[in-house]
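These are the residues of each chain, in order.
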2 protein chains.
Amino acid sequence: MPLTANDPKRITWLDVPHNSDFPIQNIPFGVFLTRDDVITIGTRIGNTAIDLGALHQLGYFKDIELTDDIFLQDSLNDFIADGRKTWRLVRNRISDLFLKGNDELRKNKEHCKEVLFRLDEIEMQLPVDVGDYTDFYASKEHATNVGSLFRDPENALLPNWLHIPIGYHGRSSSIIPSGTAVRRPVGQTKPGDDGVPGFGPSKLLDFELEMAFITTATNDLGKRVPIKEAEENIFGLVLFNDWSARDIQAWEYVPLGPFLGKSFASTISPWIVTLDALQPFRTKSPKQDPTPLPYLQQPDNMAYDIKLQAAIKPQGGIETVVCNSNFKYMYWSMAQQLTHHTVNGCNVRSGDMMGSGTISGPTEDSYGSMLELTWKGTKPITLSDGGERKFINDGDTVIMRAHSEKNGIRIGFGECKGKVLPAN
Amino acid sequence: MPLTANDPKRITWLDVPHNSDFPIQNIPFGVFLTRDDVITIGTRIGNTAIDLGALHQLGYFKDIELTDDIFLQDSLNDFIADGRKTWRLVRNRISDLFLKGNDELRKNKEHCKEVLFRLDEIEMQLPVDVGDYTDFYASKEHATNVGSLFRDPENALLPNWLHIPIGYHGRSSSIIPSGTAVRRPVGQTKPGDDGVPGFGPSKLLDFELEMAFITTATNDLGKRVPIKEAEENIFGLVLFNDWSARDIQAWEYVPLGPFLGKSFASTISPWIVTLDALQPFRTKSPKQDPTPLPYLQQPDNMAYDIKLQAAIKPQGGIETVVCNSNFKYMYWSMAQQLTHHTVNGCNVRSGDMMGSGTISGPTEDSYGSMLELTWKGTKPITLSDGGERKFINDGDTVIMRAHSEKNGIRIGFGECKGKVLPAN
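The model shown is predicted, which means the values in this text are computed figures rather than measured ones.

(A) Spotlight on the overall build of chain A. Looking only at helices and strands, chain A features nine helices and 26 strands. Viewed in the frame of its principal axes, chain A has a C-alpha envelope of about 75 × 55 × 40 Å. Counting all 424 residues of chain A, 64% fall into the buried class. Intrachain contacts of chain A at a sequence separation of at least 6 include 72% that bridge at least 24 residues. With 44 positive and 54 negative side-chain charges, chain A shows a spacing of 4 Å between the two charge centroids.

Shown next, in the form of structure tokens:
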């Protein structure tokens, strides 16, 4: 199945602003409420949202085998379960339909009115109903930083880290779409000298700059996914802010891992950018030493060059970019993560989400959390408006962005943002 | 709303064998496939399964406000979301309908034929679609045993344990109903002298004797559940075998907790016994010292006296009971667990499941896992047929049972069982 939608020469008849994350080569998938309060699956080109449910009802996908209601749903799970061949057919068809010179839809003003929306006419929803969400810990720089801060800089990486894509189960219920406000969590913290644990709003609220991939139904319980087939089962990626309350986490996480320090909110960007759209940005993976066990061995181009950014915008203030990182720094690839996840026979379903873990790069300005950027609060960041931050304040909005760029084509994710509200 | 269904004097016109787990005072809820391959919500009295979908269609719930399809579903999630008042009305109505002397249904042979099934005519399914599953670690004896085995017997409990109901997120996709076979998991284990991790079928496959409670939708994101209201949000309980591969777990779990050592399978009993049905068995909670923080303080009768048992039945052999424990040993109550889970604003949805963690008692024969019973394999168990077990062998079936008994009334859970198949 050719990836015609990726052709860099393609131009659309829709308006696409300069430097848009959403040229005709992107064609991401999302779920939105329309101006008529209908929920539908859609895509986006430039600043135009496209109602795929309406397009399908009008017959524009008649040559593709699809159930009638596949796009008239409140999640992409069923469409994703249809598999990669269908995803490609649909994405290529959308690309053709909006290609400059194709008047099939363009000249039908009635249809255009039914199908096309300005962004201010829609409200983005969660794109998938996440059955299970797993978070990995796959950036070597991040694991090294955390190990140095909390354990021993000389032995920052734990013995298993270079052998296993370490991960843990996260909370699905509190995954929210970009733009949803985040309430500062309350919880227990380490006891003081009186031996009584602290209790109250978290004082060390942090972001974690991550990406997450969304899977199709990959395997039945008891079976596993060979690494060669892993990417076939990945639908696409979103930007992901794994909000973390460091003080709650520090007290609760031994021995069973992060819990309430994470489960109060996890923000994702609403458009799933397909792995197909990201193929031109495939790049060399970091060298793995020691060589992983055979079931995790892979070709050496399993990373993706995606520029990542995190910014803080104080209440009523201006934005300061605090971190520039890149998805290619990931030590363990998505394919390795998914393969490892199923090696024990654990079944993965359509719509499951797997986070990368914080993506920190090699330089101090590429660290993906305030914990690392301010080195546990010892080196506060000065914001553009003069304010200082060790962690995230009430009223701050954390904004993440991501895009790939090559040969004049930019494929981006839009924003993943959330404003912090004071604790209840 | 009176709990008339709990009246110990009630007798049903259905046959109920002596010592049945399912007298008319139980009335649990489950989901099954009927002989006509219809999926429905049902209950059970004695050895008769009752199709609530059919009962509702025939008008037997006309005095209760219920949507038409509330029981014609493949999960109890929507019914549970209707809340405790509805659960009680429905359970009381079922009790009335099957009460000796009530001929309303009994004399209508056509209706009885539509509604009543022998157990061999139905196939039990998962009772709920579990959105999120959390496992706690709430037995002090279990935490002490594990701490003694793997860390330091002098300081077996970690500093946070007496302050926090420690828990972690588990995997929902691999929760399976009793009777489903369990494939021995494959995975990485600790490196030997060559520094290369082991890889292959787990050699230390274990069960964990647990109970789990199922919640209704308790709170919106950012809100929390006060401890006084916690039990109102608990629909009922199931028996739960949290299968564990100790060798995989030991290598992977630092620092983010259990992952593939658990996520290959989690077996639950198919009938949810309501918290209402268990009210007569409420009992004194263990004394908590130090006193928990105010948000976790509760009356002193928040435990439930439920006898628990685990047995091993080798392939073609006879069964040996290896453990007798009790749910009342739990240090942290269900109410404390649910309250703690939401203190950070984490939202809990209808159908979510919260496991207790292994329930070990004070005596060596009441430990809830092979790890503890055989003290990490150093004291093998001799089975009735002469075989020895340190952990679970291929072909073994692990069978768990639970019931409460008082004043001649026995409320039970049936079996939670699974047979171990050799690794792929």
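From this point, the narrative continues.
(B) Highlighting the UniProt feature "domain: Fumarylacetoacetase N-terminal" (unreviewed entry) in chain A. If you check UniProt for "domain: Fumarylacetoacetase N-terminal" (unreviewed entry), the listed places come out as residues 25–127 of chain A in our numbering. Spanning residues 25–127 of chain A, this segment combines 31% helix with 19% strand, and its end C-alpha atoms are found 20 Å apart.

(C) Spotlight on the confidence of the model for chain A. With 100% of its residues at a pLDDT of 70 or more, chain A shows a mean pLDDT of 97. This complex was scored by the predictor with a pTM of 0.97 and an ipTM of 0.97.

(D) Here's a closer look at the pairing of strand β13 (residues 209–215) of chain A. Residues and elements named next belong to chain A. The buried fraction of β13 amounts to seven of the seven residues, a majority that puts the element mostly inside the structure. Neither face of β13 is left uncovered, since the one carrying Leu 209, Met 211, Phe 213 and Thr 215 and the one carrying Glu 210, Ala 212 and Ile 214 both have all their residues buried. Bridge analysis of β13 against strand β22 (residues 353–355) gives three bridges, and the strand direction is antiparallel. The partner of Ala 212 across the bridge, within β22, is Gly 355.

(E) Highlighting the relation of the copies chain B and chain A. Once chain B has been moved 0.0 Å along the axis and rotated by 180 degrees, it coincides with chain A to within an RMSD of 0.0 Å. Here the two chains are linked by the operation of a two-fold rotation axis. Closest approach to the rotation axis among the C-alpha atoms of chain B is made by Gly 257 of chain B, whose C-alpha sits 2.1 Å away.

(F) Quick peek at the sheet that holds strand β4 (residues 116–118) of chain B. All names here are of chain B. Read from one edge to the other, the open sheet built from five strands follows the order β4-β3-β2-β1-β5, with strand pairing classed as antiparallel. Each edge of the open sheet carries a strand with a single partner, namely β4 and β5 (123–124). Bridge count for strand β1 (residues 30–33) against strand β2 (residues 39–45) is four bridges, and the pairing is antiparallel. Bridge pairing in β2 links Leu 33 to Ile 39.

(G) Layout of the interface of chain B and chain A. Between chain B and chain A, the contact holds 59 residues from the first and 58 residues from the second. When the two sides are added together, the surface that chain B and chain A hide from each other amounts to roughly 5,500 Å², 62% of it contributed by carbon and sulfur. Taken as a group, His 169, Arg 171 and Leu 256 of chain B account for 15% of the area that chain B buries against chain A, more than any other trio of residues on that side. At the junction of chain B with chain A, the criterion picks out four salt bridges.

(H) Examining the pattern of salt bridges more closely. Residues and elements named next belong to chain B. All chains considered together, the criterion is met by 54 salt bridges over all chains. Measuring nitrogen to oxygen at the nearest pair gives 3.5 Å for the salt bridge that ties Glu 232 to Arg 84. Placement of Glu 232 in the loop between α6 (227–230) and β14 (234–241) and of Arg 84 in helix α3 (residues 84–97) is noted, with a sequence separation of 148 residues between them. When its relative accessible area of 11% is taken as the criterion, Arg 84 is described as buried.

(I) Main features of the UniProt feature "domain: Fumarylacetoacetase-like C-terminal" (unreviewed entry) in chain A. UniProt's entry tags residues 133–420 of chain A with the feature "domain: Fumarylacetoacetase-like C-terminal" (unreviewed entry), counted in the numbering of this structure. Helix makes up 12% of residues 133–420 of chain A and strand 32%, and the two end C-alpha atoms of the span are 23 Å apart.

(J) Seen up close, a negative patch on the surface. Together, Asp 68, Asp 69, Asp 78 and Asp 82 of chain A line one region of the surface with negative charge. With relative accessibility at 42%, the residue Asp 69 of chain A sits in the partly exposed group.

(K) Expanded view of the packing of aromatic side chains. If you walk through the whole model with that rule in mind, you get 32 aromatic pairs over all chains. Relative to Tyr 295 of chain B, the ring of Phe 199 of chain A lies with its centre 4.6 Å away and its plane at 20 degrees, an arrangement referred to as stacked. Of this pair, Phe 199 of chain A sits in strand β11 (residues 198–201) while Tyr 295 of chain B sits in the loop between β18 (282–283) and β19 (303–304), each in a different chain. Note on Phe 199 of chain A: relative accessible area 37%, which makes it partly exposed. Considering the side-chain rings of Phe 61 of chain B and Phe 71 of chain B, the 5.5 Å spacing of their centres and the 50 degrees angle between planes classify their relative orientation as tilted. With a gap of ten residues between them, Phe 61 of chain B in the loop between α1 (52–57) and α2 (77–81) and Phe 71 of chain B in the loop between α1 and α2 connect regions that are remote in the sequence. Assigned by exposure class, Phe 61 of chain B and Phe 71 of chain B land together as buried.

(L) Fine view of helix α5 (residues 140–150) of chain A. Every buried residue belonging to α5 of chain A is among His 142, Ala 143, Asn 145, Val 146, Gly 147, Ser 148 and Leu 149 of chain A, and all of these are buried. Turning to α5 of chain A, the residues buried within the fold contact α9 (370–373) of chain A.

(M) Looking closely at the nonpolar core. Core analysis: the largest hydrophobic core is formed by 238 residues, its most contacted members being Leu 55, Phe 98 and Phe 327 of chain A together with Leu 55, Phe 98 and Phe 327 of chain B. Here Phe 327 of chain B is in contact with Met 211, Leu 237, Tyr 304, Ile 306, Leu 308, Met 334, Ser 356 and Ile 359 of chain B, once residues within four sequence places are set aside.

(N) Broad picture of the environment of Met 124 of chain A. Residue and element names in this part refer to chain A. Inspection of the secondary structure puts Met 124 in strand β5 (residues 123–124). Taking the C-alpha atoms as reference points, Met 124 and Gly 386, separated by 262 residues in sequence, lie 34 Å from one another. When residues no more than four places from it in sequence are discounted, the contact partners of Met 124 are Gly 30, Val 31, Phe 32, Pro 177, Pro 270 and Trp 271.

About the thresholds
Residues numbered from 1 in each chain as written. Chains lettered and ligands numbered in written order. Predicted model: local features only at pLDDT ≥ 70, side-chain atom pairs only at ≥ 80, totals over all residues. Heavy atoms only, no water. Helix = DSSP H or I, 4+ residues; strand = E, 2+ residues; numbered from the N terminus. Buried < 20%, exposed > 50% of the residue type's maximum accessible area, 1.4 Å probe, protein only. Contact = heavy atoms within 4.5 Å. Lys, Arg positive; Asp, Glu negative; His and termini not counted. Charge placed at Lys NZ, Arg CZ, Asp CG, Glu CD. UniProt positions renumbered as here; feature names shortened; annotations may be inferred. pLDDT = per-residue confidence, 0-100. Pairing = 2+ DSSP bridges. Least-squares fit on C-alpha atoms with pLDDT ≥ 70 in both. Buried area = accessible area lost by both parts, 1.4 Å probe. Salt bridge = Lys/Arg side-chain N within 4 Å of Asp/Glu carboxyl O. Patch = residues over 30% accessible without salt bridge, like charges linked within 9 Å, V, L, I, M, F, W, Y side chains within 5 Å. Areas by Shrake-Rupley, 256 points an atom, 1.4 Å probe, with all protein chains shown as cover. Phe/Tyr/Trp six-rings, centres within 6.5 Å; stacked < 30°, edge-to-face > 60°. Core = buried A, V, L, I, M, F, W, Y, C linked by side-chain atoms within 4.5 Å.

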